[in-house]
Amino acid sequence: MADGGKMKGVEGSGEGTGHGEDMDEEAREELELALSLGRRGWHLPPVPVPPPAPALRWSMVFPAWDPDAAGSSRAAESVWDSPPVPPLRFRDMWRGGGADADAGGAREAEEHNNVEEEEGSEDGDRDLQNKRPKVGAFGEESSGVNASFFGYEAPHLHAFAEHDHLKLSHGPENELDFGLSLISNDGGNDIPRETNSHGVCDVERSGGTNAEDLEIRMDLSDDLLHLIFSFLCQKDLCRAGAACKQWQSASMHEDFWKYLKFENTRISLQNFVNICHRYQNVTNLNLSGVLSAESLVIEAITFLRHLKTLIMGKGQLGETFFQALAECPLLNTLTVSDASLGSGIQEVTVNHDGLHELQIVKCRALRVSIRCHQLRILSLRRTGMAHVSLNCPQLLELDFQSCHKLSDTAIRQAATACPLLASLDMSSCSCVTDETLREIANACQNLSVLDASNCPNISFESVKLPMLVDLRLSSCEGITSASMGAVCFSRILEALQLDNCSLLTSVSLDLPHLKNISLVHLRKFADLNLRSPVLSYIKVSRCSALRCVTITSNALKKLVLQKQESLCNLSLQCHNLIDVDLSDCESLTNEICKVLSDGGGCPMLRSLILDNCESLSVVELNNSSLVNLSLAGCRSMTFLKLACPKLQVVILDGCDHLERASFCPVGLESLNLGICPKLSVLRIEAPNMSILELKGCGVLSEASINCPCLISLDASFCRQFMDDSLSQTAEACPLIEHLILSSCLSIDVRGLSSLHCLQKLALLDLSYTFLMNLKPVFDSCLQLKVLKLSACKYLSDSSLEPLYREGALPMLVELDLSYSSIGQTAIEELLACCTNLVNVNLNGCTNLHELVCGSDYCRSGDMPIDAFPPDSAPDKTKEIRESSDCQLEVLNCTGCPNIKKVVIPSTANYLNLSKINLNLSANLKEVDLKCSNLYNLNLR
């Protein structure tokens, strides 16, 4: 109820507050613009406001609440009549309340009243004006905030003071009061209003640290403030100017008001005149989208004598507006867009001696007359007018684009009246004819840029423009091969555009300065012959009939001829050509390889893309500079021969029919030929190659691999990979560390004997082979760490005896015997004696019935009679078993159908065993494990 009563008191005591809240968007925007004018120039309707409050310090006080005054205007009056309470200062924030505070509260209040009586408001105002603006501890300005901004009395400030019980007081002690009085003494909750009515902690007035020392000064120099404000738009400058007098002065600097941008802004006539009167050095003015912009300019034209650029848009611009522009002698650029010119009956005349650039874009007029003797650039783009008259002897650029109502005669008369014309755009003027072009060529000898696109009535025959540099003839239905004769007459031509010329069948140009040419969507275009030493860009696209291309250039670096389905002949003499993209050129023949090899005209070629060139069957490239080659999707290719010593990347995806491949020499570091299932003969000479994948080359029977740096060779599923190929590879590639021969059914003991050349071999995969004897592996591969013998059905228990009886492969840490025929005894011996094993895979072993691990499980009674040779074999086995603790960490027995029992006692010393997989073992009955570090047991 108290809050509600106080709000009623505020409403009753200040009428301006309600009016300010009802101010509409237009008035608020006017306010922002008027802030830049200072005290003058404010013309809002008069608003009744209370008398202006004195410019004094603010401090927060909380008087005792008067219940009788609640709900009436006396609530606000009681604030001013209540005894003042001393404000809380900085040192009080760090003291707790108590008896001292209560005792000193009355005394502090009495002293505060005496100070107010002794100091006059005039002295206080004068003292405040001599100080710089200062900011309290919480960012609030404490140097005295005037309730009026730039001559406008702000009623909302009075209402704010009444509503929050703000008391205006004197003296330097109150500099920090407004910010500090919002925090309680103990730093916790806010101060209750009841406690403040009895005073606050006592504060010493003399000696020690005073409030002046605690103030945080915002002393921004004018130069720094000027730099910061230079990044603000004009609306933000208006808002910033309302902060303080220093910011107001800085925001009103004329540097920020030389370019008045009022685009799509509501602004009154008087306000605009005042702004122009205040800032008479305006050089740029943008009134595009402003209502009644014509009236604004006419009224303020006398203050715009320094105007250089004027932008108008939308609305109606009559003859009076263009006549008023004579009052701006420095005006050199005028832009008018989307406006209606004149009254619709009379001719609109633009007459200005200083105008250099005139843009009349997308406007509506009946007749336009332009008489500007200094005009250099004129654009009438998309302007609907039936006639135009030009008296511009200095005109250099003329734009008639999309002036559909202009007749051929009108365009001819306008262009020929400008003898110095250098650039002419008459694209989409459908009535233009060759006769007009010929007269323009005769009258405008310096014409260098011509855009006649979308002019269906021109053929450009017999048109001679010797100074032409840029020619655009896109979508000209009359352009044929005969037109190229006239184009060749322009010997200094640099850019040519012939897109969508449906009747053009061939282009043959020999122009020494031609740099760019565009040929897009030419349905009948079949032959292209270009000769230019500076030709650097060629765009050829959607020319389905193109069959022959001949290009001679020393500047061309990239050539893209994608999806030219009929292209079959290509001749290039481009000594600096680097990239060539011939993707989806289905008709290219094998002869293209000669063009792209050494001696074919492209000595600097580095990247070649021949994707989906389905007519290529034999690819032979001998290129000393080629680095990247892509042959993806060349399904007809059966033979590939690459002699490219710098080749680093080759892509053969989708080359399903490749049978023979030679990479001699190449700079490849890795190669994947597993995507070529029909590859039968392979020859590789790659001194930098480290990874070679032949996985899936099921018919590969002859392989010569000479890669001295090769580290990894994957020949999985190479069922016809012979012992001779393996021996030759092992001798030529001694650094191989990973050798995968899974499913290489033709590999035998003779091939394994060559592994002695691989002294660094660490991984050997012989899974799914028919091997019966592994002695060459045990004798030669002393550094082997991983041995995979998965699904080797012909291996017997004796095949692995060198592992657990003779200590073979001392570095072995992983052994895979999944789906093998190894017996129960051999498995127990391996686990007990090969203590260096870390990972053992016994998945799917049908001969495994029980797995019982322990120091006494290598029993002589369970072994054959001749298990131990007569000499020292048992002693050696015991030495191996007792040499160290078991290092086993992972044991996988997934899918062992006959296993029934798994026992690992504590005496087995499997201290590192952390993971056991026994899932899918349907007959498992007993599991007894004593492994202190086991954290993963899978019995699913």
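Nothing here was measured: the structure is a model prediction, and the numbers come from that model. (Residues numbered from 1 in each chain as written. Predicted model: local features only at pLDDT ≥ 70, side-chain atom pairs only at ≥ 80, totals over all residues. Heavy atoms only, no water.)

1. Comments concerning the packing of aromatic side chains
Formally: By convention, a stacked pair of Phe, Tyr or Trp rings (six-membered ring in the case of Trp) has centres within 6.5 Å and planes under 30 degrees apart, an edge-to-face pair has planes over 60 apart, and any other such pair is tilted. Every helix listed is a DSSP run of H or I at least four residues long, and every strand listed is a run of E at least two residues long, numbered separately from the N terminus. Our definition puts a charge over a ring when NZ of Lys or CZ of Arg is within 6 Å of the ring centre and also within 35 degrees of the ring normal.
The final tally for this structure, using the stated rule, is five aromatic pairs. Ring centres of Trp 257 and Tyr 279 lie 5.0 Å apart, and the angle between their planes is 10 degrees; on these two criteria the pair is classed as stacked. Of this pair, Trp 257 sits in the loop between α13 (245-251) and β7 (259-261) while Tyr 279 sits in the loop between α14 (269-278) and β8 (284-288); the two residues are 22 residues apart in sequence, bridging distant segments of the chain. Geometrically, the ring pair formed by Phe 321 and Phe 322 is edge-to-face, given 5.1 Å between the ring centres and 75 degrees between the ring planes. Note that Lys 464 overlies the ring of Phe 489, its terminal NZ or CZ placed 5.3 Å from the centroid.

2. Concerning a nonpolar patch on the surface
The following threshold applies: Excluding any residue in a salt bridge, patches collect residues exceeding 30% relative accessible area, merging like charges within 9 Å and nonpolar Val, Leu, Ile, Met, Phe, Trp and Tyr side chains within 5 Å. To measure how exposed things are, a 1.4 Å probe is used in the Shrake-Rupley method; for residues, cover is taken only from the protein chains shown. Within this document, salt bridges are pairs made up of a side-chain nitrogen of Lys or Arg and a carboxyl oxygen of Asp or Glu, the two lying within 4 Å of each other. Under the scheme applied here, a residue whose accessible area is under 20% of the maximum for its type counts as buried, over 50% as exposed, and between as partly exposed, the area being computed with a 1.4 Å probe on protein chains only.
A cluster of nonpolar side chains, contributed by Leu 224, Leu 227, Ile 228 and Phe 231, occupies part of the molecular surface with about 410 Å² of accessible area. Locating Leu 227 in the fold gives a position in helix α11 (residues 222-229). The exposure class of Leu 227 is partly exposed, given its relative accessible area of 49%.

3. Regarding the sheet that holds strand β35 (residues 649-651)
Counted only if it meets this: Only strands that DSSP links by at least two bridges are regarded as paired with each other. Axis angles are defined between N-to-C directions and span 0 to 180 degrees, where every axis is a line fitted to C-alpha atoms and, for a helix, only to the segment in contact.
Strand order across the open sheet formed by five strands is β28-β30-β31-β33-β35, with parallel pairing between neighbours. The open sheet has two edge strands, β28 (558-560) and β35, and neither has a second partner. Averaged over all pairs of adjacent strands, the angle between their axes in this sheet comes to 0 degrees, without regard to strand direction.

4. Observations regarding the environment of Ala 240
For clarity, the threshold we go by: When checking whether two residues touch, look at their non-hydrogen atoms; a contact exists if any pair is within 4.5 Å.
Take Ala 240: it is sitting in helix α12 (residues 234-241). A relative accessible area of 10% places Ala 240 in the buried class. Taking C-alpha positions, Ala 240 is 9.2 Å from Ala 250, a pair spaced ten residues apart along the chain. With residues up to four places along the chain from it excluded, the contact list for Ala 240 reads Phe 229, Leu 232 and Trp 247.

5. As for the confidence of the model for the protein
Inclusion rule: pLDDT gives the predictor's per-residue confidence on a scale running from 0 to 100.
Looking at the protein as a whole, the pLDDT averages 77, with 73% of positions reaching at least 70. Scored below 50 in pLDDT, residues 52-216 shows 237 contacts in the model against residues more than four places distant or in partner chains. In the model, residues 855-883 has pLDDT below 50 throughout and makes 35 contacts with residues more than four positions away in sequence or in other chains.

6. Observations concerning unusual backbone geometry
Note on backbone geometry: most residues besides glycine have negative phi, and most peptide bonds are trans. Omega for the bond connecting Cys 664 with Pro 665 falls within 30 degrees of zero, at -15 degrees, which places this linkage in the cis form. Positionally, Pro 665 belongs in strand β36 (residues 660-666). Positive phi outside glycine occurs at Asn 264, with the angle close to 55 degrees. On the secondary structure map, Asn 264 appears in the loop between β7 and α14. Look at Ser 428: it is not a glycine, yet its phi comes out positive at around 65 degrees. Its place among the elements puts Ser 428 in the loop between β19 (423-425) and α18 (434-443).

7. Section: the environment of Leu 739
For Leu 739, the location among the structural elements is in strand β42 (residues 738-740). Assessed through its relative accessible area of 1%, Leu 739 is described here as buried. Placed 26 residues apart in sequence, Leu 739 and Asp 765 show a C-alpha to C-alpha distance of 6.5 Å. Each residue touching Leu 739, except ones within four places of it in the same chain, is listed here: Leu 713, Leu 726, Leu 755, Leu 758, Leu 761, Leu 763, Leu 764 and Asp 765.

8. Considering the pairing of strand β27 (residues 548-553)
Residues Val 549, Ile 551 and Ser 553 of β27 are buried on one face, while the alternating residues Cys 548, Thr 550 and Thr 552, pointing to the opposite face, are not. Where β27 and strand β29 (residues 569-574) come together, six bridges link them in parallel fashion. Residue Thr 552 lies in a different strand from β29, and its bridge partner there is Gln 573.

9. Considering the pattern of salt bridges
In the structure shown here, the tally under the stated rule is 15 salt bridges. Here Arg 367 and Glu 347 are joined by a salt bridge, their closest N and O atoms 3.6 Å apart. Linking Arg 367 in strand β15 (residues 367-371) with Glu 347 in the loop between β12 (340-341) and β13 (348-351), this pair joins segments that are 20 residues apart in sequence. For Arg 367, a relative accessible area of 34% corresponds to the partly exposed category. Ionic pairing is found between Lys 775 and Asp 779, a salt bridge with its closest N-O pair at 2.6 Å. A residue pair is termed a helical-turn pair when its members lie 3 or 4 positions apart in one helix, as Lys 775 and Asp 779 do in helix α23 (residues 775-780) at four residues. Exposure remark for Lys 775: the relative accessible area of 49% places this residue in the partly exposed category. Asp 779 gets classed as partly exposed once you look at its relative accessible area, which sits at 47%.

10. Brief notes about α18
Put simply, the rule is: Working definition: the arc comes from the directions between the helix axis and the C-beta atoms, pointing outward to the latter.
Restricting attention to buried positions, one finds in α18 the residues Asp 434, Thr 436, Leu 437, Ile 440 and Ala 441. Along the axis of α18, the buried residues cluster in a sector spanning 155 degrees; they form a single face. Summarising the contacts, the buried residues of α18 are in contact with α17 (408-416), β19 and β20 (449-451).

11. Describing the state of the cysteines
Convention followed: Any two cysteine sulfur atoms within 2.5 Å of one another count as a disulfide.
Taken as a whole, this structure holds zero disulfides when the rule is applied. Between Cys 403, a cysteine without a disulfide, and Cys 429, which holds the nearest cysteine sulfur, the sulfur-to-sulfur distance is 5.5 Å. Looking at Cys 403, the relative accessible area reads 1%, which means it is buried. Looking at the unpaired Cys 733, the closest cysteine sulfur is the one in Cys 707, lying at 5.1 Å.

12. Side note on the packing of α17 against α18
To be explicit about the condition: Each angle receives one of four descriptions, namely roughly parallel if under 35 degrees, roughly antiparallel if over 145, roughly perpendicular if within 65 to 115, and oblique otherwise. The classification used treats Ala, Val, Leu, Ile, Met, Phe, Trp, Tyr, Cys and Pro as nonpolar, Asp, Glu, Lys and Arg as charged, and all other residues, Gly among them, as polar.
Two elements in contact, α17 and α18, have axes whose closest approach is 9 Å; the angle formed by their N-to-C orientations is 10 degrees. In this view, α17 runs roughly parallel relative to α18, as classed from their interaxial angle. Facing Asp 408, Arg 412, Ala 415 and Thr 416 of α17, the residues of α18 in contact are Glu 435, Thr 436, Glu 439, Ile 440 and Ala 443. When grouped by side-chain class, the residues that make up the contact of α17 with α18 number three nonpolar, two polar and four charged.

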